[in-house]
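# Examining the three-dimensional arrangement
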Amino acid sequence: MTSTDCKNIDIDELSKIINDYLKIRKHKSNFYSYLMSYSKVSKISTKGLSENNEEIISEKTVERKDFYKFILQTDELSAEIDEQAVIEIISPVLKSGNYKWKGLYDSEPISFYMKDKDFKLSIIRDGVKFKNGSNIECVLEKSRKIDNTGEIIISGYSVTTVMKKTDDSESFSTPQGQRYKRIQNEKKRQYNMFEEND
């Protein structure tokens, strides 16, 4: 596949195919998990038939010893990262501890963990203030999993890096945010150099 082919991919269509594939895998996993609870089931056979009941796919058999191959070991998926998330802070956590913050993300209320240790420290050490309308620009990690019907759901949110905090009277960029941007820019430069050398 060339870089031109990649540019012609419809991301929405690709996402739908992947989601449908995950749904099929989840339903198949549920089916084989269900069969595993019945000791009398020793194998399962399937074949494809046309509308006229003519065989179009020859019979395939799965032995009981192979059922486990179709059972998902976890419902967890890789996290989705939003590197340009903006969260309006509703309820910050102003003391140390693993408590969830509350905010508005894409106009929806969310609870999230603040995993940016430097930012948490600056709240306690430097007295960073929050008021009505305070926002953070950040890297937001969205944990995902497949539910029992095969739908992908967001199971949790975590802010890994705060890039900037703003409100109506002040705005400041964080050192860790600047460091993150620098690292990402270097990665992009290396990737571009790699593409040019191909």
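## Structural notes on the overall build of the protein chain
When its secondary structure is counted, the protein chain shows four helices and eight strands. When the helices and strands of the protein chain are placed in sequence order, the string is α-α-β-β-β-β-β-α-β-β-β-α. Across the protein chain, contacts joining residues at least 24 apart in sequence account for 54% of those joining residues at least 6 apart. Summing over all exposed atoms, the protein chain offers an accessible surface of approximately 14300 Å²; the carbon and sulfur share of this is 49%.

## Concerning helix H3 (residues 117-126)
When we look at burial in H3, the residues that qualify are Phe119, Ser122 and Ile123. Buried residues along H3 cover an arc of 100° about the axis, so they all sit on one side. Pointing more than 90 degrees away from the buried face of H3 are the exposed residues Lys117 and Arg125. The opening residue of H3, the one whose side-chain oxygen lies 3.1 Å from the backbone nitrogen of Asp118, is Asp116. Downstream of H3 by a residue or two, Gly127 has a phi angle that is positive, lying close to 65°.

## Description of the nonpolar core
Core analysis: the largest hydrophobic core is formed by 19 residues, its most contacted members being Ile87, Trp101, Phe112, Met114, Phe119, Ile136 and Val159. At the level of secondary structure, the elements contributing two or more residues to this core comprise strand E3 (76-91), strand E4 (100-105), strand E5 (108-114), H3, strand E6 (135-146) and strand E7 (152-166). Excluding its chain neighbours within four sequence positions, the residues that come into contact with Val159 are Ile87, Phe112, Tyr113, Met114, Lys115, Asp116, Ile136, Cys138, Val139 and Leu140. Leu35, Ile44, Val62 and Phe67 belong to the second largest nonpolar core, which has five residues in total.

## Some points on the side chain of Arg144
Within the element layout of this structure, Arg144 appears in strand E6. Buried charge without a partner: Arg144 forms no salt bridge, and the closest opposite charge is Glu80, 4.2 Å away. Of note is the side chain of Arg144, whose polar atom sits 2.9 Å from the backbone oxygen of Ser78. The residues touching Arg144, leaving out its near neighbours within four places in the chain, are Asp75, Glu76, Leu77, Ser78, Ala79, Glu80, Ile152, Ile153, Ile154 and Ser155.

## Let's talk about the pairing of E7
Pairing analysis gives two bridges linking E5 to E7, with the strands arranged parallel. Looking at the pairing, Met114 lines up with Val159 of E7. Inspection of the sheet shows E6 paired to E7 by 12 bridges, in the antiparallel sense. Note on E7: the bridge partner recorded for Glu141 is Ser158. Where E6 hands over to E7, the hairpin turn is made up of five residues, of which Gly150 adopts a positive phi near 95°. Bridge analysis of E7 against strand E8 (residues 171-173) gives three bridges, and the strand direction is antiparallel. By the bridge assignment for E8, Lys165 is matched with Phe172. The loop that links E7 with its antiparallel partner E8 comprises four residues.

## Side note on the layout of surface pockets
In this model, the largest pocket occupies a volume close to 240 Å³. Around the largest pocket sit Glu83, Gln84, Ala85, Val86, Glu137, Cys138, Met163, Tyr180, Lys181, Gln184, Asn185 and Lys188, which together line it. Going through the elements one at a time, E3, E6 and helix H4 (175-197) are the ones with two or more residues in the lining of the largest pocket. Tallied by class, the residues present in the lining of the largest pocket amount to five nonpolar, three polar and four charged.

## Observations regarding unusual backbone geometry
Even without glycine at this site, Asn53 takes up a positive phi of about 60°. Its location among the elements puts Asn53 in the loop between strand E1 (43-49) and strand E2 (55-63). Of note, the phi angle at Asp106 is positive, near 50°, even though the residue is not glycine. Note that Asp106 resides in the loop between E4 and E5.

Basis of the calculations
Residues numbered from 1 in each chain as written. Predicted model: local features only at pLDDT ≥ 70, side-chain atom pairs only at ≥ 80, totals over all residues. Heavy atoms only, no water. Helix = DSSP H or I, 4+ residues; strand = E, 2+ residues; numbered from the N terminus. Contact = heavy atoms within 4.5 Å. Areas by Shrake-Rupley, 256 points an atom, 1.4 Å probe, with all protein chains shown as cover. Buried < 20%, exposed > 50% of the residue type's maximum accessible area, 1.4 Å probe, protein only. Arc of directions from axis to C-beta. Polar contact = N/O pair within 3.5 Å; in protein donor to acceptor, adjacent residues only side chain to side chain. Core = buried A, V, L, I, M, F, W, Y, C linked by side-chain atoms within 4.5 Å. Lys, Arg positive; Asp, Glu negative; His and termini not counted. Salt bridge = Lys/Arg side-chain N within 4 Å of Asp/Glu carboxyl O. Pairing = 2+ DSSP bridges. 1 Å grid on protein atoms, 1.4 Å probe; cavity = no way out; pocket = protein on both sides within 12 Å on 5 of 7 lines; lining within 4 Å. Points joined across faces, edges and corners; volume = space filled by probe spheres on them. Nonpolar A, V, L, I, M, F, W, Y, C, P; charged D, E, K, R; others polar.

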